[in-house]
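Structural features, examined
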Amino acid sequence: MAAVSAPSRHLLTLLALLPLALLHLWLAADLGPFELWAMLASAEHSFEFLQLQLSALPRLSMALLTGAALGLSGSLLQQITQNRLVSPMTIGASSGAWLGLVLATLLVPTFAASHGHWAALLGALLAVGLVLLIAGRSGIGGLPLVLGGMAMNLLLGALAAGLVLINNQYTQGLFVWGAGDLAQIDWHWVQWLWPKLLLAVPVLILAPRPLSLLQLGGDAAQGRGLALWPVMLVLFLAALWLCSVSITAVGLIGFIGLLTPNLAKMLGARTARDELCYSALLGALLLLGTDALALLANRVSGQLVPSGAAAALIGAPVLLWLARRHLAAEDPRGLQLPRGAERFGWRSALWVALLAVLALTVALGLARGVDGWHLQWPSALVWSLRWPRVLTAASAGAGLAISGLLLQRLLRNPLASPDILGLSAGATLAVMLALIIFGGAVFGAVAPLAAFVGSLAVLAVLMLLGRRHHYSPALMALLGISLGALLNAALQFVLAKGSGDSFALLGWLAGSTYRATPAQALWLTVGVLLFGALALLFQRGLTLIGIGDGVAASRGLNVPRLRLVLLVLVALLCALVTSLLGPVAFLGLLAPHIAVMLGARRVLPQLLLAASLGAVLMLLADWVGRTLIFPLQIPVGIVASVLCGSYFVYLLIRGRLA
Amino acid sequence: MRRCLLGFLLLWLTPAWASDAPRVAALSWEATEHLLMLDVTPLTVADAGDYRAWVVRPTLPAGVPSSGSRLEPNLELLAELQPELIVIPPLLEDIRPLLERIAPVQVYQGFSQQHDNLQVHREAFLDLARALGREALAKQRLQAMDAELVQWRERLRAHYGQRLPAVTVIRLSSPTAAFINGPNSMPQHALALLGLQPAMDLAPSPWGITQVPITALGRIEEGVVLHIEPFAQEAQLFASPLWQAMPFVREQRFAAMPSTWTYGGVFSLQYLAEAIGEALLKLPSESGKRPNRP
């Protein structure tokens, strides 16, 4: 394929664009091919004619414009950062825009209806700014940027989900936007968008030179008199602008910006200019194709199928396939956390114990009632309602912390945790599928089983892909990103349907201890204790694998088998927790790190300390969720994700600035 | 029975002594509506604030506290309020064992495509009345509603003549998408009770609604389209040429109906029928009947 010269490659793609555009038009106008022809020939202004003129044609233009803009923006970002995993979606722009719009709709609904795009733009800029701050100068070119973006996506996603859940009646119209829909009713958005995309012209003319110099490396570029940072900053802002206005116009459509530059490169685009131009062209083609699929699904099912859902459905597997081909090298750089104490002293132990006692007292005794706050030992009835929740929260916290720690040690990756690796997303996706297939009636019975199957499936994929690439952090993160984005698209799709089941699902997704029965709470506790004890049995193996596979093998360990056993253990633990609670982000990631920062650096103390910290954090999160907006309750998963996520981001920024 | 009647009187005459009034917690809005129509003021209502904002009728007295969300009502608050009966929707069936520790629980059947939602709600209302010893009142209220519906039917016939227009009720969700109330939705039941046919054929769904692209509405060749207010982007959509070209807009077969809750209980039908009737009476009498079939 690489043998095709650039002009003929462009020409071939343009030729492919033509029949696809016709197909799209035909599907969007809801007409047969001959009718379409007759319509174009006739002069009569029927409704069908207007539909073609005011809905189908604008939609076609919109697909081409936004596709090209997203492709160009992605290519620009990837070339600036020299990072093939960067795209508006992976560095947090999309989720920032989404949160901005949700906030605007809730706080100033009239403003949001007319000028919501400014809120989206601001949200995107702020989110990306934070991610850049986290990744730092040196991290932009590598995995830190992507991991920071992923953390930001999880955090902002949790915040937005919480807001939507608490205000369930007011956000209906948002969901269609959130699901990414290209449908048009006039030329308004096309006319709004195209002047804003004119920025692409100077970019295409001016960007290639500095970008080709960058390809030689930053030092070489500076050596030839290029003021590196200002140019990169301007180009970065241009890329963000292109993607923000596109997101504003059509909603959340992921993957296009990530996939097209990679595809362009695969199809032989070598020079900076060629890659930019070809990415724009390919982006238009790709979005047109996915939107045609969405229209087709729409026609077959008689229901609205948002374009964003179709894009994610195609994009996620393609991304994985690309990853399999391209990601062999291990990227040792992670994100920087503050280093903390060298050893775990009595003073720290006392603080942790004090915190645990406080958390337990508050969780069990301090509550709100009709007439305000009261601190008292609960009555028998209230006790019977309260203890299963408290126990579930604590055991789940401990379980997540243990599974996070195991993953971090096994994969020698400080950012491994069930949520980052996509185990939670896989479990959630399976539950959502179960809901779509079986309906809401049997939801309670099917959900745990589906969660288990889902996280096992993700683990199997991880093992298959991971073994070839030595469990490289980039690959793991990529799988998490693909699954997370797929999950998000599916979630937006289900939400956009707007039935009562949507909110039941959102409630489960939020991760709540509300429905935990005494039996479930006890089983969870037994399970977590059992798996925790099993993990302790492997502490020598964990220490050795943490140093390196070679070291572990030289001490007589069967490394592949040990890794398999421990990974299955993690999947079981994660499935156990997720099936009961739904996904809880960040806790499994954070607890082991706090333990290390407190000085628990060896496996045994770290495991014990992380588990207790996880339990305490979840206890507090559950309590906050129960009391903060009494009598309403915020699901513990959201509280924990937002609290731990904010703290994590704070730590990352502190670690960067230190 | 006498004790209940007495209680009923006490409730109306001397609220200060009304200790005999049943202490019932309603964890869904249908249940709230049914209780209020039985002249029972609920002890607490799930999402009481949203009920006042969205359902509006029948009016919930201002003093009734919220008991948390309808998905996850606050159990500890319920325990503190000590109800005598808790009425729950099927959605909460899985926490029934927990609720039963607090008070006896009554559950009714919910929205589903397997059964006639209207009939199910009627039975749920009568069941509740039986549990509270207020069957006579319940039957009286249902009869009053039926009489009201007959009146609306006659008013429509007086306006439109013997052939009534076909009607479809939609709720706009964005300028490019709309929810259509199809078979088994409460608006369609209200239409049927008014003797009106649907203007668009749709497959039944559990909640009775289907979301379609806005252009699909252009396929409604005959019959009236009513949209439920409010819709925030009304100005933007209604001014667009495409909307203006929709057959039902061009031929003035389109009207707005006042904000009405479409997932309510039995009596939401009466409110829906009122809203539909009022909207239809505003339209010229030839609306929606253009193609004269032999």
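The structure contained in this document is the topic of the report that follows.

Scoring rules and cut-offs
Residues numbered from 1 in each chain as written. Chains lettered and ligands numbered in written order. Predicted model: local features only at pLDDT ≥ 70, side-chain atom pairs only at ≥ 80, totals over all residues. Helix = DSSP H or I, 4+ residues; strand = E, 2+ residues; numbered from the N terminus. Buried ≥ 20, exposed ≤ 12 C-beta atoms within 10 Å, placed from the backbone. Contact = placed C-beta atoms within 7 Å. Pairing = 2+ DSSP bridges. Axes fitted to C-alpha atoms, helices over the stretch in contact; angles between N-to-C directions. Parallel < 35°, antiparallel > 145°, perpendicular 65-115°, else oblique. Left-handed = near helix turned anticlockwise from the far one by under 90°. Nonpolar A, V, L, I, M, F, W, Y, C, P; charged D, E, K, R; others polar.

**Observations regarding the overall build of chain A**
A count of helices and strands for chain A gives 28 helices and 2 strands. Within chain A, the fraction of its 658 residues that count as buried is 56%. In chain A, the share of contacts with a sequence separation of at least 24, taken over all contacts with a separation of at least 6, comes to 81%.

**Notes on the overall build of chain B**
The helix and strand inventory of chain B stands at 12 helices and 9 strands. Relative to its 294 residues, chain B shows a buried fraction of 50%. Of the contacts made within chain B by residues no fewer than 6 positions apart, 63% connect residues no fewer than 24 positions apart.

**Regarding helix α26 (residues 587–597) of chain A**
Residue and element names in this part refer to chain A. Summarising burial for α26: 10 of the 11 residues are buried, a large majority. Residues Leu587, Gly588, Leu589, Leu590, Ala591, Pro592, His593, Ile594, Ala595 and Val596 constitute the buried set of α26. On its buried side, α26 packs onto α17 (380–410), α27 (603–627) and α28 (636–657). Just downstream of α26 lies Gly599, where phi reads positive at about 110°.

**Considerations on the sheet that holds strand β4 (residues 105–107) of chain B**
All names here are of chain B. Across the sheet, which stays open at both edges, the 4 strands sit in the order β2-β1-β3-β4 with parallel pairing between neighbours. Strand pairing shows two members of the sheet lacking a second neighbour, β2 (44–45) and β4, which therefore form its edges. Bridge count for strand β1 (residues 24–26) against strand β3 (residues 85–88) is 3 bridges, and the pairing is parallel. Within β3, the position partnered with Val24 by the bridge is Leu85. Across the sheet, helix α2 (residues 29–37) touches β1, β2 and β3, and the angle it forms with β1 is around 140°.

**Quick notes on the packing of helix α13 (residues 256–266) of chain A against helix α14 (residues 272–301) of chain A**
All names here are of chain A. It is at 8 Å that the axes of α13 and α14 come closest, and there the two elements cross at 125°. Judged by the angle between their axes, α13 and α14 are oblique. By crossing handedness, the relation of α13 to α14 is classed as right-handed. Across from Ile256, Leu259, Thr260, Pro261, Leu263, Ala264 and Lys265 in α13, the residues of α14 making contact are Glu275, Tyr278, Ser279, Leu282, Gly283, Leu286 and Leu287. Tallied by class, residues from the contact of α13 with α14 come to 9 nonpolar, 3 polar and 2 charged.

**A look at the pairing of strand β5 (residues 167–174) of chain B**
When a strand is regular, its side chains alternate between the sheet's two faces. Residue and element names in this part refer to chain B. Of all 8 residues in β5, 8 are buried; the element is thus mostly enclosed. For β5 and strand β8 (residues 224–228), the ladder comprises 4 bridges, and the chain directions are parallel. Note on β8: the bridge partner recorded for Ile170 is His227. Note that β5 and strand β6 (residues 177–181) share 4 bridges and pair antiparallel. Note on β6: the bridge partner recorded for Leu172 is Ala178.

In short, shape yes, function no, at least from these values alone.
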